[in-house]
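# Architecture at a glance
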Protein chains: 2
Amino acid sequence: MPRVGLSREKVLAAALALVDREGIAALSMRKLGAELGVEAMTLYYYVPNKDAVLDGLIDMAVSRVTVEPVGPWREWLRAFAVAIRRELLAHPALLPLVATRPVLAPGGLATVERIAAALRAEGFGALEGLQLVNAVATFVVGHTLAEAGRTPGHDEPDVAGVMESLDPGEYPVLAEALRAGLGTPEDHQERFDRALDALLRGLAPRATL
Amino acid sequence: MPRVGLSREKVLAAALALVDREGIAALSMRKLGAELGVEAMTLYYYVPNKDAVLDGLIDMAVSRVTVEPVGPWREWLRAFAVAIRRELLAHPALLPLVATRPVLAPGGLATVERIAAALRAEGFGALEGLQLVNAVATFVVGHTLAEAGRTPGHDEPDVAGVMESLDPGEYPVLAEALRAGLGTPEDHQERFDRALDALLRGLAPRATL
DNA sequence: TGACGTCTCTTACGTCGTAAGAATATCGTC
DNA sequence: GACGATATTCTTACGACGTAAGAGACGTCA
């Protein structure tokens, strides 16, 4: 019953810590309360419901992704993609959330606005630039999703196990790729770089919208 | 108590119907049982747990995506992407699942194997080809995710509402893009086509793996 | 002191996944 | 048709979840 000095921010911070430590499945209002030395229902004074906590987590992550749009647009757009990826890999438990929920909170919108504005200054139309931002963002999210944190729970994906037990007779190409290093960290990094380059290479302002 | 003639397949089919109709959040073992005129626990005779139902749903969807790899590889790879997108849009409730869970079941692996093999015949390395398949697949999933079915529940995403209430002073480019048609079906289609073209245009076999 | 707004707790309801095992239905064999 | 084995279904129960409703405790200012 003594006051603890809570706030929406502290609740979100504790939620992020809990999620980072035990995975998204472990985030329940009761556990989050316990984390803060408080009963579950107390949290409802700072947050309307659990969904708001999840949305808050997303906005925290998205807000941390910032890029200064100076120099050649392909370069800072690439830096934007890399920044997203770094943030996602730092909090892989958030991936299912980011992939699943739209970015509607203030932090995310502000970032999108800034990038889109810079692209328009480069000759893209407003709609065109936004489409570009979206293409890059969804690409990064999709790719990072494939790379890490696939399982919604906290347990490791058993990809490795299944892969190793592949019948080389039935899946010869898969087996060969596995021997060639599929799934290693270097593989993921390289795959990301190559595909991102491909995407950026293929993009250009259309002059007319 | 009379036997109903259930089977794993029928359970999965009912699950898909239920999910299509009421969204992924409405899929509970009890409701799924009711759907089949059976108690919840009965399902556990055909399926080890709920996760297996979800995995089964994914594999059903993925298995339906098939492409004949004949002709120029960029063309049938494009057809592959379009086929994935069509299947996902036909069952948008599955999107959060497909995005979140790895493709490890037989159906998905077989498809991947076939595409990767065809790519190798085009001069890609085994690993390289698989990376390509993965890049295209994650791109499509990411993009479709942004297009539809964002909310995990069955209720419509309130994107439209939030967008309309945007302060044009604070988000001028976003507002302009909105007026230019952001978020319309044509916009999504065009965005998908353009980004996919960009991605494919940027990709090419590297000759050496 | 007392009253008031801020914050926290208790209790309760309906839902979920599923473990354990009892009850029933169906079928092969006599 | 009766009987035992096997395949299928049901009943009951437990602990966890999100959260509605309202009671209670705290700090502050009169």
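Predicted, not measured: the structure shown is a model, and the values here were computed from it. (Residues numbered from 1 in each chain as written. Chains lettered and ligands numbered in written order. Predicted model: local features only at pLDDT ≥ 70, side-chain atom pairs only at ≥ 80, totals over all residues. Heavy atoms only, no water.)

Another aspect to go through is the protein's contact with DNA strand D. Looking at DNA strand D, there are 19 residues lining it, with A:Arg30, A:Lys50, B:Thr42, B:Tyr45 and B:Tyr46 nearest. Of all DNA strand D atoms lying within 4 Å of any protein atom, the proportion belonging to sugar or phosphate reaches 56%. One of the side-chain nitrogen or oxygen atoms of A:Lys50 is found 2.7 Å away from a phosphate oxygen of DNA strand D. Ranked by residues supplied to the surface near DNA strand D, first place goes to helix α2 (residues 29-35) of chain A with three residues. Across the surface near DNA strand D, the residue classes break down as ten nonpolar, three polar and six charged. (Near = heavy atom within 4 Å. Polar contact = N/O pair within 3.5 Å; in protein donor to acceptor, adjacent residues only side chain to side chain. Helix = DSSP H or I, 4+ residues; strand = E, 2+ residues; numbered from the N terminus. Nonpolar A, V, L, I, M, F, W, Y, C, P; charged D, E, K, R; others polar.)

Attention shifts here to the protein's contact with DNA strand C. Lining the immediate surroundings of DNA strand C are 19 residues, of which A:Thr42, A:Tyr46, B:Arg30, B:Tyr44 and B:Lys50 lie closest. A share of 62% of the atoms of DNA strand C within 4 Å of the protein falls on sugar and phosphate groups. Taking B:Ser28, its side chain carries an N or O atom lying 3.1 Å from a phosphate oxygen of DNA strand C. Separating a phosphate oxygen of DNA strand C from a side-chain N or O atom of B:Lys50 is a distance of 2.6 Å. Examining the composition of the surface near DNA strand C, we find that three residues originate from one element, helix α2 (residues 29-35) of chain B, more than from any other. Residue composition of the surface near DNA strand C, grouped by class: ten nonpolar, three polar and six charged.

Attention now moves to the packing of helix α7 (residues 126-147) of chain A against helix α7 (residues 126-147) of chain B. One can describe the packing of α7(A) onto α7(B) by two numbers: an axis separation of 8 Å at closest approach and a directional angle of 120 degrees. By the criterion of interaxial angle, the relationship of α7(A) to α7(B) is oblique. Along this stretch, α7(A) crosses α7(B), giving a crossing that reads as right-handed. Mapping the contact onto sequence places A:Asn134, A:Ala135, A:Thr138, A:Gly142, A:His143 and A:Ala146 in α7(A) and B:Asn134, B:Ala135, B:Thr138, B:Gly142, B:His143 and B:Ala146 in α7(B). For the contact of α7(A) with α7(B), the residue count by class is four nonpolar, eight polar and no charged. (Axes fitted to C-alpha atoms, helices over the stretch in contact; angles between N-to-C directions. Parallel < 35°, antiparallel > 145°, perpendicular 65-115°, else oblique. Left-handed = near helix turned anticlockwise from the far one by under 90°. Contact = heavy atoms within 4.5 Å.)

Taking 1.5 Å of rise per residue, 15 residues should cover 21 Å, and helix α6 (residues 106-120) of chain B covers 21 Å from first to last C-alpha, within 8% of that figure. Every buried residue of α6(B) is accounted for by B:Gly107, B:Gly108, B:Leu109, B:Thr111, B:Glu113, B:Ile115, B:Ala116, B:Ala118 and B:Leu119. Its buried side turned inward, α6(B) meets α9 (172-179) of chain A together with α3 (50-63), α4 (73-90) and α7 of chain B. (Expected span 1.5 Å × (residues − 1). Buried < 20%, exposed > 50% of the residue type's maximum accessible area, 1.4 Å probe, protein only.)

In the UniProt entry, the feature "DNA-binding region" (unreviewed entry) is given for residues 28-47 of chain A. A helix fraction of 35% and a strand fraction of 0% characterise residues 28-47 of chain A, whose end C-alpha atoms lie 13 Å from each other. (UniProt positions renumbered as here; feature names shortened; annotations may be inferred.)

This part takes up the environment of A:Pro96. Among the secondary structure elements, A:Pro96 is positioned in helix α5 (residues 95-100). A C-alpha to C-alpha distance of 9.4 Å links A:Pro96 and A:Val141, two positions 45 residues apart in sequence.

The terminal C-alpha atoms of helix α10 (residues 185-202) of chain A lie 26 Å apart, and with 18 residues this matches the ideal 26 Å at 1.5 Å per residue to within 8%. As for α10(A), its buried residues are in contact with α4 (73-90) and α7 of chain A together with α7 and α10 (185-202) of chain B.

This brings us to the pattern of salt bridges. Residue and element names in this part refer to chain A. The final tally for this structure, using the stated rule, is 14 salt bridges over all chains. Between Glu87 and Arg64 there is a salt bridge whose closest N-O contact spans 2.8 Å. Of this pair, Glu87 sits in helix α4 while Arg64 sits in the loop between α3 (50-63) and α4, placing them 23 residues apart in sequence. Here Glu87 falls in the buried class, since its relative accessible area comes to 13%. (Salt bridge = Lys/Arg side-chain N within 4 Å of Asp/Glu carboxyl O.)

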